[in-house]
Amino acid sequence: DSTKISVIYSDRSMFIWDIKNPKKVGKYRSFLAHSSIVWDAQVLPHSERSSFPEGTFVTCSSDNTIRFWNLDNMLADSRRNVFSKEILRTIFVGDDFSHMKAGKLDEISQNSDTIGIRCIKMSSDGFHLASGDRQGNLRIFNLDSLQCVCFKEAHDAEILSLDYSKPDLSRGEKPLLASAGRDRLIHVFECEDS
């Protein structure tokens, strides 16, 4: 089709532009990707109380983002990202996003050794998302508001793995969150009700 042009940018996004009318060039479709290594992916458990549609999955990357995706294009969802129909939401972690600017591929690869979200895990009730980063920090996000509700400097090196317990709430068991780090330690945290 000679009325469309595809452009792939250095941040790994791809835009398809409608150039039928050169005086009114417009975005036809776009696809946004992580700008660095993707370290983990989790399927969001579906629940009637969830603010995300069924089939949503989450990814984390060295670009310091956590992205919520849904490939069901039939969803009439006002939460869709205007630049990419597949992305529902993005959590930007931290304050420094200089590594996300366009740069040479080897510069991006060097940055991915020291920054970024390394692992994610959904709580068994589907209301919280835990993330571990390359500096050993643990964050827990509320999935309704996407706000960080807990921050802990948990390890001296990157967090490699996270897992939530599946407590028997009828017996009064509290959920636990375990983290394993490159510092060769495993921490087990008791989760608060909030």
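Scroll up a little and you will see the structure.
**Overview of the pairing of strand 8 (residues 117-122)**
Counting buried positions over the six residues of strand 8 gives five, a clear majority of the element. Here five bridges tie strand 8 to strand 9 (residues 128-133), and the two strands are oriented antiparallel to one another. Opposite Met-122, over in strand 9, you have Leu-129 as the bridge partner. The turn joining strand 8 and strand 9, which pair antiparallel and follow one another in sequence, is formed by five residues; a positive phi near 75 degrees is taken by Gly-126.

**Notes on the sheet that holds strand 1 (residues 4-8)**
Strand order in this open sheet of three strands is 1-2-3, and the pairing throughout is antiparallel. At either end of the open sheet lies a strand with only one pairing partner, and these are strand 1 and strand 3 (26-31). Looking at each pair of strands side by side, their axes are set apart by 20 degrees on average, direction ignored. As paired strands, strand 2 (residues 14-18) and strand 3 are joined by five bridges and run antiparallel to one another. Its bridge partner lying in strand 3, Trp-17 is registered against Lys-27.

**Digging into the packing of aromatic side chains**
Throughout the structure, instances matching the rule amount to three aromatic pairs. Pairing Phe-15 with Trp-17 gives two aromatic rings, centres 5.5 Å apart and planes at 15 degrees, and the pair type is stacked. Taking the relative accessible area as the measure of exposure, Phe-15 reaches 11% and is therefore buried. Measuring from centroid to centroid gives 4.7 Å for Phe-52 and Phe-68, while their planes differ by 5 degrees, and the two rings are stacked. Here Phe-52 is found in the loop between strand 4 (38-43) and strand 5 (57-61), whereas its partner Phe-68 is found in strand 6 (residues 65-69), with 16 residues between them in sequence.

**So, the pairing of strand 13 (residues 176-181)**
Side-chain positions along a regular strand alternate between the two faces of the sheet. Here strand 13 shows a buried face lined by Leu-177, Ser-179 and Gly-181 and an unburied face lined by Leu-176, Ala-178 and Ala-180. Pairing geometry for strand 12 (residues 159-164) and strand 13, over five bridges, is antiparallel. Residue Tyr-164 lies in a different strand from strand 13, and its bridge partner there is Leu-177. Of the pairings in the sheet, the one linking strand 13 to strand 14 (residues 186-190) comprises five bridges and is antiparallel in character. Bridge pairing in strand 14 places Leu-177 opposite Phe-189.

**Focus on the pattern of salt bridges**
A complete count under the given rule lists seven salt bridges for this structure. Between Glu-158 and Arg-118 there is a salt bridge, with its nearest N and O atoms 3.1 Å apart. You can see Glu-158 sitting in the loop between strand 11 (148-153) and strand 12 and its partner Arg-118 sitting in strand 8, a full 40 residues away along the chain. The exposure class of Glu-158 is buried, given its relative accessible area of 6%. Judged by relative accessible area, Arg-118 falls into the buried class, the value being 16%. Between Glu-158 and Arg-134 there is a salt bridge, and its shortest N-O distance comes to 2.8 Å. One end of the pair, Glu-158, is in the loop between strand 11 and strand 12; the other, Arg-134, is in the loop between strand 9 and strand 10 (137-142), and 24 residues separate them in sequence.

**Thoughts on the nonpolar core**
By size, the foremost hydrophobic cluster in this structure holds 16 residues, and its most contacted members are Val-58, Ile-66, Phe-68, Ile-91, Ile-120, Leu-129 and Leu-143. At the level of secondary structure, the elements contributing two or more residues to this core comprise strand 5, strand 6, strand 7 (87-92) and strand 8. Ranked by the residues each element gives to this core, the list is headed by strand 8, at three residues. In this structure Leu-143 touches Leu-44, Ser-51, Phe-52, Phe-68, Met-122, Gly-126, Phe-127, His-128 and Leu-129, once residues within four positions along its chain are discounted.

**Points about the environment of Pro-45**
Along the polypeptide, Pro-45 turns up in the loop between strand 4 and strand 5. Exposure remark for Pro-45: the relative accessible area of 32% places this residue in the partly exposed category. For the pair Pro-45 and Ser-124, spaced 79 residues apart in sequence, the C-alpha separation works out to 8.2 Å. Excluding residues that lie within four positions of it along the chain, Pro-45 makes contacts with Met-122, Ser-123 and Gly-126.

What counts and how
- Residues numbered from 1 in each chain as written.
- Predicted model: local features only at pLDDT ≥ 70, side-chain atom pairs only at ≥ 80, totals over all residues.
- Heavy atoms only, no water.
- Buried < 20%, exposed > 50% of the residue type's maximum accessible area, 1.4 Å probe, protein only.
- Helix = DSSP H or I, 4+ residues; strand = E, 2+ residues; numbered from the N terminus.
- Pairing = 2+ DSSP bridges.
- Axes fitted to C-alpha atoms, helices over the stretch in contact; angles between N-to-C directions.
- Phe/Tyr/Trp six-rings, centres within 6.5 Å; stacked < 30°, edge-to-face > 60°.
- Salt bridge = Lys/Arg side-chain N within 4 Å of Asp/Glu carboxyl O.
- Core = buried A, V, L, I, M, F, W, Y, C linked by side-chain atoms within 4.5 Å.
- Contact = heavy atoms within 4.5 Å.

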